[in-house]
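Each chain, written out:
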Amino acid sequence: MAQWQDLLKLDSALQGQVRQLYESYKFPREIRHYLCLPIESQDWDFAAQDEYFARTCLQALLRSLEEQWVRTVQQNSILLGPDFPAMKDYLLKTFENHPVNLAVILSECLKEEKKILASASEAQGCSSPTVEQKRRMLDIKINDVRRQTLEVKQETKSLEGLYEKLDFIRKNWQSRVEEHAGFPQPQAVVEEECLIQANIIMQTNQTVQKQIVKILNQTKQIVATLVDVELPEWKQRQQLACIGSPVDTSLDYLEKWFMAVAEVLLQIRKQLQKLQDLITKYNRTDASSLPGPMQEIERFALSLLEKLLSNALVVQQQPVMMSQPQRPLIIKTGVRFSVTVRFLANLTEFVQKCLLKVTPVFDKDVEETKTLKGFRQFDIVSSDYKVMDVYPGGGGLEAEFGHMLLKEKKGNSKGAQETNASDRPASKRKRNQSEEDQNHLSVTEELHVIKFVLKFQHGGLDLSIETSSLPLVVISSTNQIPAAWATIMWFNMLSNSEAKDLSLFLKPPSLTWEQLALVLSWQFLAVGEMELNPDQLCALRDKFVGPDGLVHWKDFSKIESSAWFWIDGILDLIRKHLLDLWRDGSIMGFVSRKRTEALLKEKQAGTFLIRFSESNKDGAITFSWVDKSNSETHVHAVDPYTKQELSVNSLPYILYNYSLKAQANTNRKPLLYLYPDIPKDTAFGRYYTVPEKAPPKNGKNGYVLKKFIPVSSNPTPPPSPTRELEMMETDSDHHLNMGHQQVIQELFPDIFCHTPGHPELFTVNQEILCLQDDSEYPFSQD
């Protein structure tokens, strides 16, 4: 469909070429248009060589026409829509008895369409092909070697018939001569015919061998493209996706290509074996049939298959804990994590005839375990090996390790003092501490890998196929997650998937602001489904960039007061309390107080904006509004709301009810318009229902109904209002009288339902307890 849509975008001159193309083949363009999707999804090159497959493709087109006709009838648009029955009649009348003719026509037309599109691209100066164009080019090459392989198979079958014919003549000529006595010099005639047949066999044999060599040479280029270009590009995309990039990491194309090429190589090997069997069976000794050249071709085919399969094992899902699905590659000791590997050569022959056992090994062949002092070592618990299989719904040949645990080896622990030595300020280190000791990696800078080893035996191949996870960080406390994630982001922005320098953070390179801005924006996209805009990134730049214009690792994550820990707190705040508001763009977010005043002073009274607190490093949010009285303009900012406070009252509730205490104990709501000029109820009405006035009601059991309203004292310019906070007491005796299910959930929170084990201590803002009808309360409070 994409190809036909591209043709429809061309100018009238090029579209005229398309029209002439289909007129020359007398094929209706209307059918090409309305069947563009099923037409482009079929392999017409292969169908042109196989009548059974061609008939299958024709049936697919007829089914599509039938489905579109049914939809037209259901929508009562028969007169307005295309004439699908007429198209179906044309295909049946013209191609039902000759489906190969249809395949030939569409095969040639699709190739000519590609030429027209290519000429259009050249005219526009498109020097580099798009991803879609590269995929089409690779599809064409693979389909071409598949077609040639089918031709070799047919030639080999013909060769077998020639061998049988010659053998029959040699074995039966004497009896036939006796039956037809009187032929002059029968032996000489038979020997001459045998010589003719032998020459035909020799030429056919040479032709088949040349065809096979040609196919293998073309396949060699395809294998190089898959192994050296397409697979590394996919791994690079997966690497970026792990740190939040919205790239496509589907393996469908790669698996399709790996399967097709593996099938071609297996078929070639089968045809070579068949040729060898024919030579052995009929005892041919001519030069072209000697085993030497055949063995060279067989070794060539085997080497290509070995290269392809050795790269077919990939980590489909990188190691990830269930509690941190958006932050893979961080593993906590003693906590379950999962990882999935996939074999791209997903052929039925391999599944049925091979026992594909995959074994995970932690830090296999990692030099840092020997060269870095204090480098921790771990064992994988509860996962020996998995047998790869095709599971319903997935379709891939996979092995999922769903219950893996890491346990640190005894005697290799760094210990608390050694772990934190490199994190202490230099002034507090021992003076006699060597430079080597100062270069130790901290826990969150130490990188590890998990290798997966697959034993593969099939058709003379005995391979040990390996693949590796991306470098991961092993932590012992959840408090280390922000620092560990900083390590994962930094490493994957600097390194490609093939380079695994696990000691990178001994001397970590710096990042440019452009690199860091990109990965920071991805974090907000992954958490809140909305990237940072240019204004927000501009506001963040000075918090990260040093005097030399670069971002340095020691300033980014080595100290907990760094801007990254502040950003991480805001991400957690969005994830828990502000997801909808961030996603719909209601939160301006990153804007300084000075910039806030400049924006609001020019707006009408009651205009407010929502921004993140710069003083609270754990993540908090505030709002500022403009107030105009006595010909003076003042901008006020409320004391930031923390995560604990937002756990009690949502931000839309706070915005709706926020009041200023005025004289005579009257209240005034100062928030009227979300910046720049959106009425508050328009901006946030979807999160609450504006109440209608109603007469007061008596509460239940004789109690008067209540509601909580956030309130501040009316500020005297210029100070900003500060809310007095009070703490809600919580029952800390939650472990008493715990049931069986609660105990299990506490012990295994990563397997069973995620039930909070410890209620938080909530901090709430000062409230006014109002006696009023609950119909004025738009939020549900339990």
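Check the entry above for the structure.
Before going into details, it helps to say that this report is about the structure given with it. Please read all numbers here as calculations on a predicted model, not as lab measurements.

## A closer look at the side chain of E113
Residue position: E113 is located in helix 8 (residues 99-123). The class of E113 is buried, set by a relative accessible area of 0%. Each residue touching E113, except ones within four places of it in the same chain, is listed here: Q3, W4, L7, L21, Y22 and R32.

## Concerning the pattern of salt bridges
By the definition in use, this model includes 33 salt bridges. Residue E233 is joined to K134 by a salt bridge in which the shortest nitrogen-to-oxygen separation is 3.4 Å. In this pair, E233 is assigned in helix 10 (residues 186-242) and K134 in helix 9 (residues 131-179), connecting sequence segments 99 residues apart. Using a relative accessible area of 32% as the deciding quantity, one classes E233 as partly exposed. With a relative accessible area of 28%, K134 lands in the partly exposed category. Here R147 ties to D144 by a salt bridge, and the two come within 2.4 Å at their closest N and O atoms. Of the two residues, R147 and D144 both sit in helix 9, three residues apart, roughly one turn of that helix. The partly exposed category is assigned to D144, whose relative accessible area is 23%.

## Topic: the packing of helix 17 (residues 481-494) against helix 18 (residues 513-528)
The interhelical angle for the contact between helix 17 and helix 18, taken along N-to-C directions, is 130°, at an axis separation of 11 Å. In terms of axis orientation, helix 17 runs oblique to helix 18. In the packing of helix 17 onto helix 18, the handedness of the crossing is right-handed. The segment helix 17 lies against helix 18, with W485, M489 and M493 engaging Q515, V519, W522 and Q523.

## Quick notes on the sheet that holds strand 9 (residues 450-458)
Read across the sheet, four strands follow the order 6-4-9-10 without closing on themselves; strand pairing throughout is antiparallel. Single-partner strands in this sheet number two, and they are strand 6 (386-387) and strand 10 (461-468). Where strand 9 lies against strand 10, eight bridges are found, and the strand directions are antiparallel. In the sheet register, K455 faces strand 10, and the bridge partner there is S464.

## Focus: helix 19 (residues 534-544)
Among the residues making up helix 19, those that are buried are Q536, L537, L540 and F544. Taken down its axis, helix 19 places every buried residue within 90° of arc, on the same side. Among the exposed residues of helix 19, those oriented more than 90 degrees off its buried face are P534, D535, C538 and D542. Each element contacted by the buried residues of helix 19 is listed here: helix 18, strand 13 (550-551), helix 20 (553-557) and helix 21 (563-583).

## A closer look at the packing of aromatic side chains
Evaluation of the coordinates by the stated rule reveals 29 aromatic pairs. With 5.6 Å between their ring centres and 45° between their planes, Y253 and W257 make a pair best called tilted. Separated by four residues within a single helix, Y253 and W257 lie in helix 11 (residues 252-282), roughly one turn from each other. You can call Y253 partly exposed: its relative accessible area is 29%. For W257, a relative accessible area of 3% corresponds to the buried category. With 6.3 Å between their ring centres and 35° between their planes, W553 and F556 make a pair best called tilted. You can see W553 and its partner F556 sitting in helix 20, three residues apart, about one turn around the helix. By the burial criterion, W553 is buried, and F556 matches it. By the ring-pair criterion, three or more aromatic residues cluster together here, those being W490, F505, W513, F544, W553, F556 and W564. The ring of Y253 has R135 lying over it, and the distance from NZ or CZ to the ring centre is 4.0 Å.

## Brief notes about helix 18
For helix 18, built from 16 residues, the straight-helix expectation of 22 Å at 1.5 Å per residue is met to within 8% by its first-to-last C-alpha distance of 22 Å. Where helix 18 ends, the next residue or the one after it, E529, has phi of about 60°, a positive value.

Cut-offs and rules
- Residues numbered from 1 in each chain as written.
- Predicted model: local features only at pLDDT ≥ 70, side-chain atom pairs only at ≥ 80, totals over all residues.
- Heavy atoms only, no water.
- Helix = DSSP H or I, 4+ residues; strand = E, 2+ residues; numbered from the N terminus.
- Buried < 20%, exposed > 50% of the residue type's maximum accessible area, 1.4 Å probe, protein only.
- Contact = heavy atoms within 4.5 Å.
- Salt bridge = Lys/Arg side-chain N within 4 Å of Asp/Glu carboxyl O.
- Axes fitted to C-alpha atoms, helices over the stretch in contact; angles between N-to-C directions.
- Parallel < 35°, antiparallel > 145°, perpendicular 65-115°, else oblique.
- Left-handed = near helix turned anticlockwise from the far one by under 90°.
- Pairing = 2+ DSSP bridges.
- Arc of directions from axis to C-beta.
- Phe/Tyr/Trp six-rings, centres within 6.5 Å; stacked < 30°, edge-to-face > 60°.
- Lys NZ or Arg CZ within 6 Å of the ring centre and 35° of its normal.
- Expected span 1.5 Å × (residues − 1).

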